[in-house]
Amino acid sequence: MIAPSILGCNRGALAEESRMLQDAGADMIHLDVMDGSFVPVLTFGAGTAAAIAEAVDIPVDAHLMVSHPDRLISPFAKAGCEWITVHPEVTEHLDRLLGTIRDAGCRAGVALNPSTPPGFLRWVAPKVDLVLIMTVNPGYGGQKHLTYVHSKIGEVRRLLDINGGGDAIISVDGGVDDSNAGTLISLGASVLVAGSFITGSADPAEAIRRLR
Ligand code: DX5
Ligand code: ZN
């Protein structure tokens, strides 16, 4: 699946831009929600997510780069986000948080910063629907893809498979383009999040085709 990040889109027209990306062949819309605390930048909240979810027929994934994700599960679920992804680095109660996401009717994702070890998945694998492996430090689009993280993809797949998370899927986020997409898929990813490669292109439909 190809999940364009709308971080680099026209902020005054995010619903229209998301619709355009759907028509260009996207399978999912990736929302980078930033609070100015967990990461320096502030992006948008649940109201904007609702306008985007209303404008498209494909699933919306809210990637919550925020210091208090527990406060945002209900608003983003009500906004129509099918997937909600949280960072384990900022919660002492990941098990509970994953349960809250599923109880809200959503699919539960965990996003791992490049330096975050994946071993904790042993304990929460059955409660996870998606693992978002960050190949940049979160906060900005257009950063250099960190290839040293590639070895984590197979490790995550193994941890999921042997601990009851065999149905969970792996997504990779950060500096994804047509030069690394094939490698990422061959290592075990099934969702590619791409921001600047798609939305910075003069022809987003062609960029999505090239990734596919
Ligand atoms: C980084 C975000 C990513 C990013 C993707 O903080 O989580 O989703 O915007 O953009 P590119 O593909 O430009 O790295
Ligand atoms: Zn993201």
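Heads up: the structure comes first, above all this text.
Only a predicted model underlies this, so the values are computations on that prediction, with no experimental measurement involved.

## A short note on the pattern of salt bridges
Two side chains with opposite charge may pair up if their charged atoms get near one another. Applying the stated criterion to the full structure yields 8 salt bridges. With its nearest N and O atoms 2.9 Å apart, the salt bridge here joins Arg 102 to Asp 129. Of this pair, Arg 102 sits in helix 4 (residues 94–103) while Asp 129 sits in the loop between helix 5 (121–124) and strand 6 (130–134), placing them 27 residues apart in sequence. Among the residues examined, Asp 129 registers a relative accessible area of 17% and is labelled buried.

## Focus on the coordination of the zinc ion (ligand 2)
Every protein donor of the zinc ion (ligand 2) is listed here as His 30 (NE2), Asp 32 (OD), His 63 (ND1) and Asp 173 (OD), and their distances to the metal cover 2.1 to 2.3 Å. The coordination sphere of the zinc ion (ligand 2) comprises 6 donor atoms, whose angles at the metal cover 71 to 169°; the geometry is octahedral. One chain supplies every donor to the zinc ion (ligand 2), and in sequence these donors are spaced H-x1-D-x30-H-x109-D. Of this pair, His 63 sits in strand 3 (residues 60–65) while Asp 173 sits in strand 7 (residues 169–173); the two residues are 110 residues apart in sequence, bridging distant segments of the chain. Its relative accessible area of 0% is what places His 63 among the buried residues.

## A closer look at the nonpolar core
With 61 residues, the main nonpolar core has Leu 31 and Ile 84 as its most contacted residues. Apart from the residues within four sequence positions on either side, Leu 31 is in contact with Ile 6, Phe 44, Ala 49, Ile 52, Val 60, Asp 61, Ala 62, His 63 and Cys 81.

## As for the pairing of strand 6
Extensive coverage of strand 6 is indicated by the burial of 5 of its 5 residues. Judged by which residues are buried, strand 6 turns out to be covered on both faces: Leu 130, Leu 132 and Met 134 on one side and Val 131 and Ile 133 on the other are all buried. Strand direction decides the pairing type here: strand 5 (residues 107–112) and strand 6, joined by 4 bridges, are parallel. Bridge assignment links Ala 111 to a residue of strand 6, and that residue is Leu 132. As defined by bridge partners, strand 6 adjoins strand 7 across 5 bridges and the pair is classed as parallel. Note that in strand 7 the partner of Ile 133 across the bridge is Val 172. Crossover strand 6 to strand 7 through helix 6 (residues 150–162) is right-handed.

## What to know about the packing of helix 1 (residues 14–23) against helix 2 (residues 46–55)
The interhelical angle for the contact between helix 1 and helix 2, taken along N-to-C directions, is 35°, at an axis separation of 8 Å. Of the two elements, helix 1 crosses helix 2, and the hand of that crossing is right-handed. Packed against helix 1, whose contacting residues are Leu 14, Ala 15, Ser 18 and Arg 19, the element helix 2 presents Thr 48, Ala 51, Ile 52 and Ala 55 at the interface. Looking at the contact of helix 1 with helix 2 residue by residue, the classes come out as 5 nonpolar, 2 polar and 1 charged.

## Topic: the layout of surface pockets
A probe matching the size of a water molecule, rolled over the atoms, marks out where space remains unfilled. Roughly 260 Å³ of internal volume is contained in the largest pocket. Taken together, 23 residues form the lining of the largest pocket, with Leu 7, Tyr 140, Gly 141, Gly 142 and Asp 173 sitting closest to its centre. When residues of the lining of the largest pocket are traced back to their parent elements, those giving at least two are strand 2 (29–34), strand 8 (191–194) and helix 8 (196–199). In this structure, the second largest pocket spans a volume of roughly 160 Å³. Residue lining of the second largest pocket: Ser 67, His 68, Pro 69, Asp 70, Ile 73, Val 90, Thr 91, Glu 92, His 93, Arg 96, Leu 97 and Thr 100, and that is the complete set. When residues in the lining of the second largest pocket are grouped by element, the largest group, 3 residues, is from helix 4. For the lining of the second largest pocket, the class distribution of residues is 4 nonpolar, 5 polar and 3 charged.

Rules of the game
- Residues numbered from 1 in each chain as written.
- Chains lettered and ligands numbered in written order.
- Predicted model: local features only at pLDDT ≥ 70, side-chain atom pairs only at ≥ 80, totals over all residues.
- Heavy atoms only, no water.
- Salt bridge = Lys/Arg side-chain N within 4 Å of Asp/Glu carboxyl O.
- Helix = DSSP H or I, 4+ residues; strand = E, 2+ residues; numbered from the N terminus.
- Buried < 20%, exposed > 50% of the residue type's maximum accessible area, 1.4 Å probe, protein only.
- Donors = N, O, S within 2.8 Å, 3.2 Å for Na, K, Ca; no water.
- Tetrahedral: all angles 85-135°; square planar, octahedral: opposite > 155°, others 65-115°.
- Core = buried A, V, L, I, M, F, W, Y, C linked by side-chain atoms within 4.5 Å.
- Contact = heavy atoms within 4.5 Å.
- Pairing = 2+ DSSP bridges.
- Right-handed = clockwise from strand over helix to strand, strands pointing away.
- Axes fitted to C-alpha atoms, helices over the stretch in contact; angles between N-to-C directions.
- Left-handed = near helix turned anticlockwise from the far one by under 90°.
- Nonpolar A, V, L, I, M, F, W, Y, C, P; charged D, E, K, R; others polar.
- 1 Å grid on protein atoms, 1.4 Å probe; cavity = no way out; pocket = protein on both sides within 12 Å on 5 of 7 lines; lining within 4 Å.
- Points joined across faces, edges and corners; volume = space filled by probe spheres on them.

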